[in-house]
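# Residue-level structure breakdown
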Amino acid sequence: MAEKHTISDKDQIQEASQERPLDDWLKIPEGEGDQPANPSTTATCWTMIGDALNENSPTTKGSREELTRRYWPAIFAFIRASGRSVAVAEDLTQGFICDVFLGRDLLSKAEEARGRFRSLLLSSVRNYLADDYRKQTTKRRSPESGPPGSLDAHYAMEMADQANLTAESAFNIRWIDELILRSSEETKAALIANGQGAHWDIFKHRVLDPCLTGAKPVPHEELSAKWNLNGLPQVSNYLVTAKRRFARTLLLNVRDTLPENQDPSLELRELFKALGN
Amino acid sequence: MNDSTQTGMKQPIEWAMETDVDPFFMLANWLVRDALEEKTDAVTALTSAETTLDEFRTLKRVFKQLRVQGETVSDRRLGARLYAISIAGAFVFHDRIITTQSRERLIRAFTDLRNDTQLPGPLHAVAERALERMSRED
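Since we're looking at a predicted model, the values are computed, not measured. (Residues numbered from 1 in each chain as written. Chains lettered and ligands numbered in written order. Predicted model: local features only at pLDDT ≥ 70, side-chain atom pairs only at ≥ 80, totals over all residues. Heavy atoms only, no water.)

Attention now moves to the overall build of chain A. Counting secondary structure elements, chain A contains 12 helices and 0 strands. Element order for chain A, N to C, with α for helix and β for strand: α-α-α-α-α-α-α-α-α-α-α-α. When the 277 residues of chain A are sorted by exposure, 47% land in the buried category. Taking the contacts inside chain A whose residues are at least 6 apart along the sequence as the reference set, 68% of them involve residues at least 24 apart. Total accessible area computed for chain A in this model is approximately 14900 Å², and 52% of it derives from carbon and sulfur atoms. (Helix = DSSP H or I, 4+ residues; strand = E, 2+ residues; numbered from the N terminus. Buried < 20%, exposed > 50% of the residue type's maximum accessible area, 1.4 Å probe, protein only. Contact = heavy atoms within 4.5 Å. Areas by Shrake-Rupley, 256 points an atom, 1.4 Å probe, with all protein chains shown as cover.)

Below, the discussion takes up the pattern of salt bridges. It is possible for side chains of opposite charge to pair when their charged atoms get near one another. Residue and element names in this part refer to chain A. Scanning the model with the defined rule gives 24 salt bridges over all chains in all. Here Asp131 makes a salt bridge to Arg134, at a shortest N to O gap of 2.6 Å. In this pair, Asp131 and Arg134 are both assigned in helix α7 (residues 117-140), 3 residues apart and thus about one turn of the helix distant. Each member of the salt-bridge network shares a partner with another, and the members are Arg116, Arg118, Glu267 and Glu270. (Salt bridge = Lys/Arg side-chain N within 4 Å of Asp/Glu carboxyl O.)

Looking at the secondary structure, you find Glu186 of chain A in helix α8 (residues 151-193). Look at Glu186 of chain A: it is buried, it has no salt bridge, and the nearest opposite charge is Arg182 of chain A at 4.2 Å. (Lys, Arg positive; Asp, Glu negative; His and termini not counted.)

All names here are of chain B. Put simply, helix α2 (residues 23-35) and helix α5 (residues 73-94) touch, their axes get as near as 10 Å, and they point 55° apart. Relative to α5, α2 is oriented oblique. Crossing angle aside, the handedness with which α2 passes α5 is right-handed. For the pair α2 and α5, contact is made by Phe24, Phe25, Leu27 and Ala28 and by Asp75, Leu78 and Leu82, respectively. (Axes fitted to C-alpha atoms, helices over the stretch in contact; angles between N-to-C directions. Parallel < 35°, antiparallel > 145°, perpendicular 65-115°, else oblique. Left-handed = near helix turned anticlockwise from the far one by under 90°.)

Bringing the nonpolar core into the picture now. Core analysis: the largest hydrophobic core is formed by 114 residues, its most contacted members being Phe101, Phe117 and Leu121 of chain A together with Phe63 of chain B. When residues in this core are grouped by element, the largest group, 12 residues, is from α5 of chain B. In this view, Phe117 of chain A contacts Cys45, Trp46, Ile49, Tyr71, Phe101, Ala110, Trp175 and Thr257 of chain A; residues no more than four positions away in its chain are not counted. (Core = buried A, V, L, I, M, F, W, Y, C linked by side-chain atoms within 4.5 Å.)

Okay, the packing of aromatic side chains next. Scanning the entire structure with this criterion turns up 13 aromatic pairs over all chains. Residues Trp72 of chain A and Phe76 of chain A carry aromatic rings whose centres are separated by 5.2 Å and whose planes lie at 10° to one another, so their mutual orientation is stacked. Here Phe76 of chain A and Trp72 of chain A lie together in helix α4 (residues 60-81), a separation of 4 residues that amounts to about one turn. Residue Phe76 of chain A is classed as buried on the basis of its relative accessible area of 18%. Both rings, one in Phe203 of chain A and one in Phe246 of chain A, keep their centres 5.5 Å apart while their planes meet at 40°; by these two values the pair is tilted. Placement of Phe203 of chain A in helix α9 (residues 197-213) and of Phe246 of chain A in helix α11 (residues 232-255) is noted, with a sequence separation of 43 residues between them. The two residues Phe203 of chain A and Phe246 of chain A agree in class, both being buried. By way of ring pairs, the aromatic residues Tyr71, Phe78, Phe101, Phe117, Phe171 and Trp175 of chain A are connected into one cluster. Sitting above the plane of the Phe272 of chain A ring, Lys10 of chain B keeps its charged end 4.8 Å from the centroid. Note that Arg133 of chain B overlies the ring of Phe91 of chain B, its terminal NZ or CZ placed 5.7 Å from the centroid. (Phe/Tyr/Trp six-rings, centres within 6.5 Å; stacked < 30°, edge-to-face > 60°. Lys NZ or Arg CZ within 6 Å of the ring centre and 35° of its normal.)

Residues and elements named next belong to chain B. Helix length check: α2 (13 residues) gives 19 Å between terminal C-alpha atoms against 18 Å at 1.5 Å per residue, within 8%. Counting buried residues along α2, 10 of its 13 residues qualify, which places the element largely inside the surrounding structure. Buried within α2 are the following residues: Phe25, Met26, Leu27, Ala28, Asn29, Trp30, Leu31, Val32, Asp34 and Ala35. (Expected span 1.5 Å × (residues − 1).)

Two elements in contact, α11 of chain A and α2 of chain B, have axes whose closest approach is 9 Å; the angle formed by their N-to-C orientations is 130°. Considered as vectors, α11 of chain A and α2 of chain B are oriented oblique to each other. For the pair α11 of chain A and α2 of chain B, the crossing hand works out as right-handed. Residues Leu232, Ser236, Asn237, Leu239, Val240, Lys243, Arg244 and Ala247 of chain A of α11 of chain A lie in contact with α2 of chain B, whose contacting residues are Met26, Leu27, Trp30, Leu31, Asp34 and Ala35 of chain B. Across the contact of α11 of chain A with α2 of chain B, the residue classes break down as 9 nonpolar, 2 polar and 3 charged. (Nonpolar A, V, L, I, M, F, W, Y, C, P; charged D, E, K, R; others polar.)

Here it is as structure tokens:
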């Protein structure tokens, strides 16, 4: 090789530790497993709904509680953003959960339709609020409010649409928040169970926390020292292993809310759009 | 929940999208983004004259690690190829050989890379240019 090509000491040390020549490096043996570790198989949205509807199942109560825990924040966010006070929104959320969500009606529809669960839940909350509004206004309706189609009524409808958009946005953001947090918890549990606590810690401190909380990413050197790794290359590789696991878990959790075999790309694009510019 | 949190929440959704669309090359892109702050994807980093020699050395080490510790066979294959491409890139763009591998081995590896149909076209081109350069120096 020509003299002008220099090899740094650092590179020589690294190369000295290499066991195989470069051309052999490109020939990786077949036959080894070729799938990254599968995300944990917790109950899906649909199996949980099925279980919640099955009164003979010993886990019905648990499934109902889990469904309520998952979706309460999004339902509450929608109702609160539609202009209700905190106290009223809490009451209405509780009412919706008991009367519609767990009252077999919504869950039965969900299981029959196997459509997008997010859309079904959203439209059900919207209808529930419309019913509640009708009940409230029936009592105090008066002729002075003007005939339908008047300028005032048109303006009021526009305002209602606007509020609905904001409420829908609040619902979607809470929905996504829940998906991300649940996926994080599942990823963490799976990695730790697999003896990959360092992978989780690195992913959390370099990527996940900075995204979700605005924290500063912990430097490679610090994480390398903490976990006794060989510097940036190993830290980066641990990170992407955990990140892929998280992304696959999130993808799976999104898929679980969709009809069987539906491509999740549209739902993912909608969720992305829901987070605004 | 404020606007910055909402913006931050977009990233996990993007990761899920990438996993859905291009699981093969996604890992390489993520590695590049973590290792080199200014770079966004592996192909651009490995085929750009703006990538510094130190950055090529970093990429070589990162992909070598993927070759050794990748979770799957595909990961390790990808690591092996991009490790060799990092060496080719440093040679093409900075005229430096950043490995102690022999010339014959480099030529064999770059030839394999040039013919590897799994790799994106621009990476073939780097391997091709490295081979041409080596032949000129004979």
